[in-house]
Amino acid sequence: MNKGDLVTIAKSPWDKRLLFGYQNGDVAIVLEVNPSPSLISLPSIRVFVFVSEKTVTIPKMYATKLGD
């Protein structure tokens with residue numbers, strides 16, 4: 001996954017957008033790969049979620065690159 005890639009959020013344990021600003025099925029664009037690697041234990045990406053218009057950091061395992 002690289003900066004600028006479009007991803008869909010999948011495999012997240014949350015089915016509602018209420019707490020974190022994203023849910024399974026949302027489309028986002030990758031803004032940063034491995035933000036703050038020393039502070040976050042899981043390999044992560046920072047994304048902008050279009051539907052909620054929020055920037056969030058999610059584990060890479062929750063994102064699937066569109067087109068793959």
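Residues numbered from 1 in each chain as written. Predicted model: local features only at pLDDT ≥ 70, side-chain atom pairs only at ≥ 80, totals over all residues. Heavy atoms only, no water.

### So, the overall build of the chain
Now for step 1: The helix and strand inventory of the chain stands at 0 helices and 5 strands.
Now for step 2: The order of helices and strands in the chain, counted from the N terminus, is β-β-β-β-β.
Now for step 3: For the chain, whose C-alpha radius of gyration is 11 Å, the value lies close to the compact-globule estimate of 11 Å for 68 residues.
Now for step 4: In terms of principal-axis extent, the alpha carbons of the chain reach across some 30 × 25 × 20 Å.
Now for step 5: Counting all 68 residues of the chain, 32% fall into the buried class.
Now for step 6: Total accessible area on the chain stands at roughly 4,300 Å², and carbon and sulfur atoms take up 56% of it.
Now for step 7: On the chain, the mean spot of the 8 positive side-chain charges and the mean spot of the 6 negative ones are 3 Å from each other. (Helix = DSSP H or I, 4+ residues; strand = E, 2+ residues; numbered from the N terminus. Rg over C-alpha atoms; globule rule 2.2 N^0.38 Å. Buried < 20%, exposed > 50% of the residue type's maximum accessible area, 1.4 Å probe, protein only. Areas by Shrake-Rupley, 256 points an atom, 1.4 Å probe, with all protein chains shown as cover. Lys, Arg positive; Asp, Glu negative; His and termini not counted. Charge placed at Lys NZ, Arg CZ, Asp CG, Glu CD.)

### Quick look at the sheet that holds strand S2 (residues 27-33)
Now for step 1: Pairing in this open sheet of 5 strands is antiparallel, and the strands run S4-S3-S2-S1-S5 from one edge to the other. Each edge of the open sheet is held by one strand with a lone partner, namely strand S4 (54-59) and strand S5 (63-65). Adjacent strand axes in the sheet meet at a mean angle of 45°, parallel and antiparallel pairs treated alike.
Now for step 2: Pairing of S2 with strand S3 (residues 44-49), which is carried by 5 bridges, proceeds in the antiparallel orientation. Residue pairing in the sheet places Ala28 in a bridge with Val49 of S3. (Pairing = 2+ DSSP bridges. Axes fitted to C-alpha atoms, helices over the stretch in contact; angles between N-to-C directions.)

### Some points on the pairing of S4
Consecutive side chains of a regular strand alternate in pointing toward one face of the sheet and then the other.
Now for step 1: Pairing of S3 with S4 involves 6 bridges; the strand directions are antiparallel. Opposite Arg46, over in S4, you have Thr57 as the bridge partner.

### Concerning the pairing of S2
Now for step 1: With 3 bridges connecting them, strand S1 (residues 6-9) and S2 associate as antiparallel partners. Across the sheet, residue Leu6 finds its bridge partner in S2, namely Ile29.

These figures capture arrangement, not role.
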